[in-house]
Each structure stands twice: as structure tokens, then as C-alpha cells.
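Chain by chain, the residues:
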Amino acid sequence: MQDFVLAALKPRLTIFAEAWLAAGATGYGIWEDGRLLAQWPVGPSEPYDGRSAVTMPIHTNSATSLELCVTGTRDTAAQGRLKGEAALIADLIHLEGELDEMTTRLIETQDQLLALYDLTHAARSHLSMQDALNSLAWESSRLLRTDSAFAIVRMPDGAPIIAQQPVPYLSNAQAGALFHRVQAGQQDLLTSLSLENTDDAVASAQASLFIMPILVRSQVMAALGLLNKTGKPFTSPDMKLARAIAEQGGAQIENALLLQETLAQARVQTEMELAQRVQLRLLPQRLPRVPGLELAARSRPALQVGGDFYDFIGGAGRPLTFAVGDVSGKGMGAALVMSMMHTALHGISRLASLTPAAIAEQANEQLYDDFTEVGAFATMFVGQYDSAARLLNYANAGHSPVIYCPEGGAARLLGADGTPIGVLPISLCRDQCLQFRPGDLLIAATDGFSEAQNITGEMFGYERLLQLTESLVALSAPEVLNALFAAVETFSAGHPQDDDQTVVVLKGVSA
Amino acid sequence: MTTILVVDDDPVAQRVLGAQLRKAGYIPAAARSGQEALRNLAQIPCDLAILDIGLPDMDGLSFLRILRADADHKTMPVIVLTASGRDDSYTEAKAAGANGFLRKPASSNELIETVSQLLRPA
């Protein structure tokens, strides 16, 4: 019987002993395998004399034999009484064993919780993934009292990050290979390994290792390994605690990932905001005043930046020349290509007074190689207004929708006769011309209008645009602009804006 | 065999500390009050004491001062246990003569490391 069990039983045994002594017995004792464990009254032990003693075995699951013994009594009832006491003592021994088992489990759980608390506490201040892994490896080694621990993460971009604390015993290749094994097997690995990466003379040829996969975002993205260089095995409670630490480590790794992604997004957001400001500056800051014309223009990108553009080019003494265009794609890529178009158009307009088709041809010539390189193209409508003759000259490099509505007449699309900029090495655009009188309306928009969808997936479409144009022909250019945007917004309510929306409105007015 | 006196009136704490010490190979001796601890120390030679600050008959630090005034136990290593989160608990314990300080609950590793460090020959 273990000492602490005897110590727990002593108060009850003392009560029984005192009752026996009060009834005239000379001694009361408990024996194990013929050896006296405790006796009352306390004093030098009397030799065991079976003739003057009543004994009773205490039946337990133990391999040793326990018995109670009362000396100095021959009471016929003594046997029965002692039998009852023996049974009670047996039950108490059994309960003490169960209590000890529960205490052991309680200690295990307490140790686990305290370890996880320490781990969480240590991880609070870590910002980078490397710091988080260093902390995880360090705390794991400390809490589990191993010679070393390593933590490895395979980042979303495929790059591995490894931490070994307090001493790196494994080479990166070894750590990587072990990670692959648990990642493939999706379960813990208990193994031994010869250490390559140590000058430690004490380290044995075979270190014992326990490696656990760590789930991050439902995938085995990481692993935690424990190493005993002397080959000391891992106990079951150690492995249980290690698994709890690994699971906690998964949460820390996920937090570090989220932080990295949030910082990256914040950087991108800052750059996007800058790009948006730059792009807004590239668009015309004011509308030119042109005799006989009322102008309105607006661009609304689908994302912070977009590929639509409009511009008023040319200079004093030249007819108003404007361009509306749509670069393939959306977002930052399209915005960068849009800035190339802007630069090309402004450069071209400085050279000479060119017709719309010539402008399209020059733009294509300058941009074809670059656009081909990046896989981009741009549709473009170039218009040029001759105030004196009230003529609108235009060239259409693959752009739509451009709608012309004469006062009192039907709206019609001005179709493209050339391919978009960057599609072919030569421009096929021709100069075209139409009379543009007071009351006439021209809407040069991008397909973000015609292709705007509602929540059922139906597109705004050309028909709707043409009908809308006819209904707006009496309004001023700014009113037409606002009505266009309002109509498309109403139509596509509940559906996100998929594409950039840009429009230039020309309204003929009396000079 | 190294005997460690655990002075704590909480029976659960006694069991847990006793089991943690036994697992590490030490023999725990229990006392549930300061008076009982003084009686036990007179009868059983103990190598170290773990003392809960909150005892029923006298506070742990008063018991510690009595111990330090006794020639036989002046230099016995004593670890003070407290559930308090106050930083000045440590300072007070040190001033009363404590050699180590642990916050409850103490992990097995932390307890055994503290005990073995104090029992190491100087």
C-alpha cells in the first residue's frame, strides 16, 4: 500500500482502533505481507501471535495481502465486526485509488490549460509569421521540456518559413521532408532521426521526434515538431499536451496570416487611392467652351480605377476634338493602359491638326506594339466639331455605343468602321461626317451602359439606350448626362456595377 | 528521500500538490494550518516547505516569520503560493523570508523546477 493511501486511511483506522482498545483489546494493527504498517497503541510492535489475535484479510485488487489484526480479544463477535471493518477499509482503499486517478487527470488538464495560457500570452505581441513561429517553437520546447522544437509553415505563395528553438538541430531540408510526410499522411508522426545539423557531442545518433500536422484554413499548412536529441521517448501525457499546443499554434498562425494579408491589402488600398487620384487628374478638369455646342462628360469606374477614358484634345484655333474610349479589362491594369492612351492622344494632338481617322491611325501606330506586348486593346471614338459649318467629323475604331439623335428625328447608332486600337498593325478607320445642328444630340458612351445588368441578368441594351436618347433630346447636355446615369442606376439597382461607365454628351445649341 | 511539507488548508490543493510532488519523486507531508505545520516540523525532518499565504489560523507570511525566527528552520527553503495577481505579493513574501514564489495554480513543470532549484546544493 502506498504511503499516501495509508496516511489517508489512518484517521478512520484510529477510530476503529480506539473503539477496540476501549472494549478491552490490547492492540489493533494493519499488516501487509506480514509486515506491520501501523498499530495502536503506538509503540514497539508486539510479535505476531496468531493464537491470541483475530485477523481478517482486506480484499483489494492489489497484489499484496493486507489484513487487520486485533490482539487481546477472543470475543466471538470480534470476527464479524472485524470483517465489516475490513470491507470498509477495502472500499476506502479503492476510493482512494480512484481519487488519485482523478487527481492525475486533473493535473494533466491543468498543466494543459496553463501551457495554452502561456502560449497565448507569449504570442500576443508577435506581428510577423517568423516571430509567431519562433514563439511557438520556443514555448513548445519549454512547456514540454524537450531539447528542441520546430515549427514550419508553407505560406500561400508556397514559400516555407521554419523556426527552431532553442537550438536548431535539423537542417532545413530535414525539417521540410518531415513536414511533407505529415502533410501527406495528415496525421502525427513518431519517429527517430539522425541529426546532421549539430556539433553537440552528447547528441546520440538517433534523436526521437514527434511531429504533428497543424490545420490552417482547413488545410495542413503547418507542422509542429518536438525533438529529444538523446532519444528520450515521448510519454502519452506529453503527446496529448503537444497536440493541444499544436492546435493553439494553428490559431496563432492563422492570425499572423490574416495580419499579413490585412497589411498587404492596406498597402494595395493606399496605392489604389493614389492611382485613383492620378487617374482623375488625367481626365479633363474642365469642359471646353465651344460655340454652338453644349458639353457634358463623366466617367464612373467599376473599381477604384478603370480603363474608360474621355478627353478633349486640340488647342486654340483648332476645331474641338474629343475622344471616348474603353481599354480592355478593368482595374489597375486597364488604368495603366488608359494612361498610355492619354499620353499618346495628347502627343498626337500637339503635332498638327489631324482628322479623326488620322488621329486613330497615329494612335494605333504608336501603341500597337506596346498593346500587343501586354495583350491589351482599346476601342475609341474620335469626334471633331466644325463650329462654322456645324459639321461633326468622326472616326470609330471599334467603339460602341455612340448614338446620334437629330432634333425631331430617330436616334441611331454610329457604327464602327475600324478595328480597335492595338488589334491590327494598321488602322482601317475612315473619316465620316454628319450635320450637327442646334437641338441635335450625340451620346458617346462606353459599353458599361449598354451592358449594365439588372438583378435578373437582363442587359440595358441598345434598344433601351436608343429609346432613352430620343426621350432626352430636348434636355440640356448636363441634364441628358444625369438622366443617363440615373436610368442605368435604376435599371441595375441591386446588381453591382460590372464595368466602367463613361459618357460624353454633345448638344447642339444656337450660337 | 526528500520530504516536502505542503501547508495549505484547501484539501484539493493538498491532493494536487501532493500528486505533483510524488510524481517527481518527492515525499509530500501535509499540514492544514500554521500550527499543524509547526507540530509536523517538530516531528518530521522536512527539506523544503510550500506555504499557502491564506491559512485559517495565521496568514502564511506570519507563519514564515515564526519559521525564520526558529534556529532549526531558519534556512529551510520555503516557496510561497498565492492566488493573488498583485505584484507586491512577491515583494512582501521575499521580505518575510521566502525563497521562491508561485502563483496558483502552478503547472507541474513550474512547481518542480522551482523546488529542484531550491534544493540544489549551493
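Structure first, text after, so check above.
Attention in this report is confined to the structure presented alongside it.

Basis of the calculations
Residues numbered from 1 in each chain as written. Chains lettered and ligands numbered in written order. Predicted model: local features only at pLDDT ≥ 70, side-chain atom pairs only at ≥ 80, totals over all residues. Helix = DSSP H or I, 4+ residues; strand = E, 2+ residues; numbered from the N terminus. Buried ≥ 20, exposed ≤ 12 C-beta atoms within 10 Å, placed from the backbone. Contact = placed C-beta atoms within 7 Å. Nonpolar A, V, L, I, M, F, W, Y, C, P; charged D, E, K, R; others polar. Expected span 1.5 Å × (residues − 1). Arc of directions from axis to C-beta. Pairing = 2+ DSSP bridges. Axes fitted to C-alpha atoms, helices over the stretch in contact; angles between N-to-C directions. Parallel < 35°, antiparallel > 145°, perpendicular 65-115°, else oblique. Left-handed = near helix turned anticlockwise from the far one by under 90°.

Quick look at the overall build of chain B
Counting its secondary structure elements, chain B contains five helices and five strands. Start at the N end of chain B and walk to the C end: the helices and strands fall as β-α-β-α-β-α-β-α-β-α. Within chain B, the fraction of its 122 residues that count as buried is 37%. Contacts in chain B between residues at least 24 apart in sequence constitute 55% of all its contacts with a sequence separation of at least 6.

Regarding the overall build of chain A
A tally of helices and strands in chain A yields 10 helices and 19 strands. Taking all 511 residues of chain A together, 37% fall into the buried category. Sequence separation of at least 24 residues holds for 65% of the intrachain contacts in chain A that already meet a minimum separation of 6.

So, the environment of Ala13 of chain B
All names here are of chain B. Along the polypeptide, Ala13 turns up in helix 1 (residues 11-23). Considering only alpha carbons, one finds Ala13 and Lys104, 91 residues apart in sequence, at a separation of 9.3 Å. Look past the residues within four positions of Ala13 in its chain and what remains in contact with it is Asp8 and Asp52.

Considering the interface of chain B and chain A
Contacts between the two partners involve 10 residues from chain B, matched on the other side by 12 residues from chain A. Put simply, the parts of the chain that give the side of chain B that touches chain A at least two residues each are helix 1 and helix 5 (108-119) of chain B. In terms of residue count, the dominant contributor to the side of chain B that touches chain A is helix 1 of chain B (six residues). Tallied by class, residues from the side of chain B that touches chain A come to three nonpolar, five polar and two charged.

Description of the environment of Ala38 of chain A
All names here are of chain A. Mapped onto the secondary structure, Ala38 falls in strand 2 (residues 35-40). Given 19 C-beta atoms within a 10 Å radius, Ala38 is considered partly exposed. For the pair Ala38 and Tyr28, spaced 10 residues apart in sequence, the C-alpha separation works out to 8.5 Å. If sequence neighbours within four positions are ignored, Ala38 has contacts with Leu6, Lys10, Leu13, Gly29 and Ile30.

Concerning helix 4 (residues 172-185) of chain A
Residue and element names in this part refer to chain A. Its 14 residues give helix 4 an end-to-end C-alpha distance of 20 Å, which sits within 8% of 20 Å, the value for a rise of 1.5 Å per residue. The complete set of buried residues in helix 4 reads Ala175, Leu178, Phe179 and Val182. Looking down the long axis of helix 4, one finds its buried residues gathered within 100° of arc, a one-sided arrangement. Set apart from the buried face of helix 4 by more than 90 degrees, the exposed residues are Ala173, Ala177 and Ala184. Elements that come into contact with the buried residues of helix 4 comprise strand 5 (148-154), strand 6 (160-165), strand 7 (189-193), strand 8 (207-216) and strand 9 (219-228).

Observations concerning the sheet that holds strand 9 of chain A
Hydrogen bonds between backbone atoms are what pair the strands of a sheet, whose relative direction is either parallel or antiparallel. Residue and element names in this part refer to chain A. Taking strand neighbours across the sheet as the criterion, the five strands line up as 6-5-9-8-7 in an open arrangement whose pairing is antiparallel. Each edge of the sheet is formed by a strand with only one pairing partner; in this case those strands are strand 6 and strand 7. The mean inter-strand angle of the sheet, taken between neighbouring strand axes irrespective of direction, is 20°. Where strand 5 meets strand 9, six bridges bridge the pair, whose relative direction is antiparallel.

What to know about the sheet that holds strand 1 (residues 27-32) of chain A
Residues and elements named next belong to chain A. As summarised here, the arrangement of the four strands in space is 2-1-4-3, forming an open sheet in which the pairing is antiparallel. Lying at the two open borders of the sheet, with one neighbouring strand each, are strand 2 and strand 3 (53-58). This sheet shows a mean twist of 20° between the axes of neighbouring strands, independent of strand direction. Sheet topology note: the strand 3/strand 4 (residues 66-71) ladder contains six bridges and is antiparallel. Along strand 4, the bridge assignment pairs Pro57 with Glu67. Strands strand 1, strand 2 and strand 4 of the sheet are contacted by helix 1 (residues 3-22), whose axis makes an angle of about 55° with strand 2.

Topic: the packing of helix 3 (residues 129-144) of chain A against helix 5 (residues 236-282) of chain A
In helix packing, the relevant descriptors are the interaxial angle and the interaxial distance, both defined with respect to the helix axes. Residue and element names in this part refer to chain A. It is at 10 Å that the axes of helix 3 and helix 5 come closest, and there the two elements cross at 165°. Classified by the angle their axes make, helix 3 and helix 5 are roughly antiparallel. Of the two elements, helix 3 crosses helix 5, and the hand of that crossing is right-handed. Where helix 3 approaches helix 5, its residues Met129, Ala132, Leu136, Ser140, Leu143 and Leu144 are matched on the opposing element by Asp238, Leu241, Ala242, Ile245, Gly249, Gln252, Ile253, Ala256 and Gln260. Here the contact of helix 3 with helix 5 is built from residues that sort into 10 nonpolar, four polar and one charged.

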